[in-house]
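Remarks on the overall topology
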Amino acid sequence: DAGITQSPRYKITETGRQVTLMCHQTWSHSYMFWYRQDLGHGLRLIYYSAAADITDKGEVPDGYVVSRSKTENFPLTLESATRSQTSVYFCASRLAYTGELFFGEGSRLTVL
Amino acid sequence: AQTVTQSQPEMSVQEAETVTLSCTYDTSESDYYLFWYKQPPSRQMILVIRQEAYKQQNATENRFSVNFQKAAKSFSLKISDSQLGDAAMYFCAFEVTGANSKLTFGKGITLSVRP
């Protein structure tokens, strides 16, 4: 089915480990985004990408790395996970430079 | 920088009644979009309604409507004939139009519906 999918949906890891959250969309949307959702903070933008090989920082980029070698994929890597990165992560995409965002189902990450 | 404020963390409404969720924003821009997103317990983010700042007419989608007051920088969501399925977290979001625009979200409000 067409859409935006995230994997894994749930992940438990330990402090200091590297973790990669995957995001794949089948619409060929140009723009893709990573948000994290924390109670009391709403959704905060981590990184976004306007096209393949073009990425930029959002509001809370520290501790995260992204890449976008193909239009449809936008993985988010935590190079050395910390407890403060325990959160629910949402990937989103949209066709044009503005307008409705389409979200994945979220990935719940717990860092012990 | 743009900010979005949802000052009420929780609200409750009786089934079939009407409820209004408040949102204010701060910007110096004149051309922008405003959104309300719903997040049910499934965690999926669902667009409820969208308003373009240049439109004076308030957006409406079935039981959902907004009261957009541009001068006051206010964007409230009214839910009429509330249903049990409306119980969710609701996020107000703001976006300046233009290249590389990004949505800024409020902290959200949890709406419960009493049967």
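These lines cover the structure that appears in this document, whether it is placed above or below. Everything numeric here is computed off the predicted structure, so don't read it as measured data.

About the cut-offs
Residues numbered from 1 in each chain as written. Chains lettered and ligands numbered in written order. Predicted model: local features only at pLDDT ≥ 70, side-chain atom pairs only at ≥ 80, totals over all residues. Heavy atoms only, no water. Helix = DSSP H or I, 4+ residues; strand = E, 2+ residues; numbered from the N terminus. Rg over C-alpha atoms; globule rule 2.2 N^0.38 Å. Buried < 20%, exposed > 50% of the residue type's maximum accessible area, 1.4 Å probe, protein only. Contact = heavy atoms within 4.5 Å. Areas by Shrake-Rupley, 256 points an atom, 1.4 Å probe, with all protein chains shown as cover. Lys, Arg positive; Asp, Glu negative; His and termini not counted. Charge placed at Lys NZ, Arg CZ, Asp CG, Glu CD. Salt bridge = Lys/Arg side-chain N within 4 Å of Asp/Glu carboxyl O. Polar contact = N/O pair within 3.5 Å; in protein donor to acceptor, adjacent residues only side chain to side chain. Nonpolar A, V, L, I, M, F, W, Y, C, P; charged D, E, K, R; others polar. Pairing = 2+ DSSP bridges. Axes fitted to C-alpha atoms, helices over the stretch in contact; angles between N-to-C directions.

1. Things to note about the overall build of chain A
- What chain A contains, in helices and strands, is 0 helices and 11 strands.
- Computed over its C-alpha atoms, the radius of gyration of chain A comes to 13 Å, within 12% of the 13 Å expected for a compact globule of 112 residues.
- Its C-alpha atoms give chain A principal-axis dimensions of about 35 × 30 × 25 Å.
- Burial analysis of chain A (112 residues in total) assigns 49% to the buried set.
- A fraction of 54% describes how many contacts in chain A between residues 6 or more apart in sequence connect residues 24 or more apart.
- Split by element, the accessible area of chain A, about 5,400 Å² in all, is 48% carbon and sulfur.
- Within chain A, the 11 negative side-chain charges are centred at a point lying 5 Å from the centre of the 11 positive side-chain charges.

2. Observations regarding the environment of Lys 70 of chain A
Residues and elements named next belong to chain A.
- Its location among the elements puts Lys 70 in the loop between strand S7 (64-66) and strand S8 (76-78).
- A relative accessible area of 48% means that Lys 70 is categorised as partly exposed.
- Remark: the alpha-carbon pair of Lys 70 and Ala 81, spanning 11 residues in sequence, is separated by 25 Å.

3. Considerations on the interface of chain A and chain B
- Facing the 27 residues of chain A at the interface are 22 residues of chain B.
- Applying the counting criterion to the chain A and chain B interface returns 1 salt bridge.
- The residue Glu 95 of chain B makes a salt bridge to Arg 94 of chain A at a minimum N-O spacing of 2.3 Å.
- Our enumeration of links across chain A and chain B arrives at 8 residue pairs in polar contact (both at pLDDT 80 or more).
- Contributions of two or more residues to the side of chain A that touches chain B are made by strand S4 (31-38), strand S5 (42-51), strand S9 (87-94) and strand S11 (107-111) of chain A.
- If you tally residues by element for the side of chain A that touches chain B, the top one is S5 of chain A, at 5 residues.
- For the side of chain A that touches chain B, a count of residues per class yields 13 nonpolar, 9 polar and 5 charged.

4. Looking at the pairing of strand S8 (residues 64-69) of chain B
All names here are of chain B.
- Of the strand pairs in this sheet, strand S7 (residues 60-61) and S8 are connected by 2 bridges, and their pairing is antiparallel. Within S8, the residue paired with Glu 61 across the bridge is Phe 64.
- Remark: 2 residues form the turn of the hairpin made by S7 and S8, two consecutive strands paired antiparallel; Asn 62 in that turn has positive phi of roughly 55 degrees.
- Bridge analysis of S8 against strand S9 (residues 74-79) gives 6 bridges, and the strand direction is antiparallel. Paired with Gln 69 across the two strands is Ser 74, which belongs to S9.
- Between S8 and S9, which pair antiparallel and follow one another directly, the connecting turn spans 4 residues, one of which, Lys 73, has a positive phi of 55 degrees.

5. Section: the pattern of salt bridges
- For the structure shown, the criterion picks out 9 salt bridges over all chains.
- One salt bridge in this structure joins Asp 38 of chain A and Arg 44 of chain A, with 3.0 Å as the shortest N-O distance.
- Under the relative-accessibility criterion, Asp 38 of chain A is labelled buried at 13%.
- For Arg 44 of chain A, a relative accessible area of 18% corresponds to the buried category.
- One salt bridge in this structure joins Arg 50 of chain B and Glu 52 of chain B, with 3.5 Å as the shortest N-O distance.
- A residue is classified by how much of its surface remains accessible, and Glu 52 of chain B, at 13% relative accessible area, is buried.
- Among the ionic contacts, a cluster of salt bridges with common partners joins Arg 36, Asp 38 and Arg 44 of chain A.

6. Brief notes about the pairing of strand S12 (residues 109-114) of chain B
Residue and element names in this part refer to chain B.
- Only one face of S12 is buried, namely the one carrying Ile 109, Leu 111 and Val 113, since none of Thr 110, Ser 112 and Arg 114 on the opposite face is buried.
- Summarising the sheet, strand S2 (residues 10-14) and S12 pair through 5 bridges and their orientation is parallel. Bridged to Glu 10 within S12 is Thr 110.

7. Some thoughts on the sheet that holds S7 of chain A
All names here are of chain A.
- The strand order across the open sheet built from 4 strands is S1-S3-S8-S7, with neighbouring strands paired in antiparallel fashion. Both edges of this open sheet fall to strand S1 (4-7) and S7, since each of them pairs with a single strand only. Strand-to-strand, the axes of this sheet are offset by a mean angle of 15 degrees, without reference to chain direction.

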